[in-house]
Amino acid sequence: MEEKDFEGTLVLEKIAEINKLDEFMEAVDNDDFRHARELMRKAGVDPATMSVVLKKMHAAD
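Only a predicted model underlies this, so the values are computations on that prediction, with no experimental measurement involved.

Trainee: Help me out: how do you make sense of the overall build of the protein chain in this one?
Mentor: When helices and strands are counted, the protein chain shows 4 helices and 0 strands. The N-to-C order of helical and strand elements in the protein chain reads α-α-α-α. In the protein chain, which comprises 61 residues, the share counted as buried stands at 26%. Across the protein chain, the fraction of contacts at a sequence separation of at least 24, relative to all contacts at a separation of at least 6, is 57%. For the protein chain, the accessible surface area stands at approximately 4200 Å², while carbon and sulfur atoms represent 49% of it.

Listed below in structure tokens is the structure:
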């Protein structure tokens, strides 16, 4: 996936499907990359998309 094609809403929808949206947002806010990655993996987010999310988290610092 190219970063220009990234659709964050789809990630949030997948996280919401496993009822972990608040937990994911807290992980993002706290720069907890490990936990954010773990939640995305549990939600079935593909590795390329996870990489973009983590990259955006890092860039937001």
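Trainee: Explain the environment of Arg-34 to me, please; I cannot follow it from the model alone.
Mentor: Along the chain, the position of Arg-34 falls in helix H3 (residues 33–43). The class of Arg-34 is exposed, set by a relative accessible area of 53%. C-alpha of Arg-34 to C-alpha of Leu-54: the two residues are 20 residues apart in sequence and 9.5 Å apart in space.

Trainee: What is the right way to look at a negative patch on the surface in this model?
Mentor: Negative charge collects at one region of the surface, where Asp-22, Glu-26, Asp-29 and Asp-31 lie side by side. Mapped onto the elements of the fold, Asp-29 is located in helix H2 (residues 21–29).

Trainee: In this structure, what is going on with the packing of helix H1 (residues 8–17) against H3? I would like to understand it.
Mentor: Angle between the axes and distance between the axes: these two values describe a pair of packed helices. Across the interface, H1 lies against H3 with an axial gap of 8 Å and an inter-helix angle of 75°. In this view, H1 runs roughly perpendicular relative to H3, as classed from their interaxial angle. Contacts between H1 and H3 involve Val-11, Lys-14 and Ile-15 from the former and Leu-39, Met-40 and Ala-43 from the latter. Residues of the contact of H1 with H3, tallied by class, amount to 5 nonpolar, no polar and 1 charged.

Trainee: Even after reading the chapter, I still don't get unusual backbone geometry, so can you show me in this structure?
Mentor: For residues besides glycine, phi is generally negative; the peptide bonds are generally trans as well. Not every positive phi belongs to a glycine, and Asn-19 is a case in point at roughly 60°. Counting through the fold element by element, Asn-19 comes out in the loop between H1 and H2. Of note, the phi angle at Asp-31 is positive, near 55°, even though the residue is not glycine. Mapped onto the secondary structure, Asp-31 falls in the loop between H2 and H3.

About the thresholds
Residues numbered from 1 in each chain as written. Predicted model: local features only at pLDDT ≥ 70, side-chain atom pairs only at ≥ 80, totals over all residues. Heavy atoms only, no water. Helix = DSSP H or I, 4+ residues; strand = E, 2+ residues; numbered from the N terminus. Buried < 20%, exposed > 50% of the residue type's maximum accessible area, 1.4 Å probe, protein only. Contact = heavy atoms within 4.5 Å. Areas by Shrake-Rupley, 256 points an atom, 1.4 Å probe, with all protein chains shown as cover. Patch = residues over 30% accessible without salt bridge, like charges linked within 9 Å, V, L, I, M, F, W, Y side chains within 5 Å. Salt bridge = Lys/Arg side-chain N within 4 Å of Asp/Glu carboxyl O. Lys, Arg positive; Asp, Glu negative; His and termini not counted. Charge placed at Lys NZ, Arg CZ, Asp CG, Glu CD. Axes fitted to C-alpha atoms, helices over the stretch in contact; angles between N-to-C directions. Parallel < 35°, antiparallel > 145°, perpendicular 65-115°, else oblique. Nonpolar A, V, L, I, M, F, W, Y, C, P; charged D, E, K, R; others polar.

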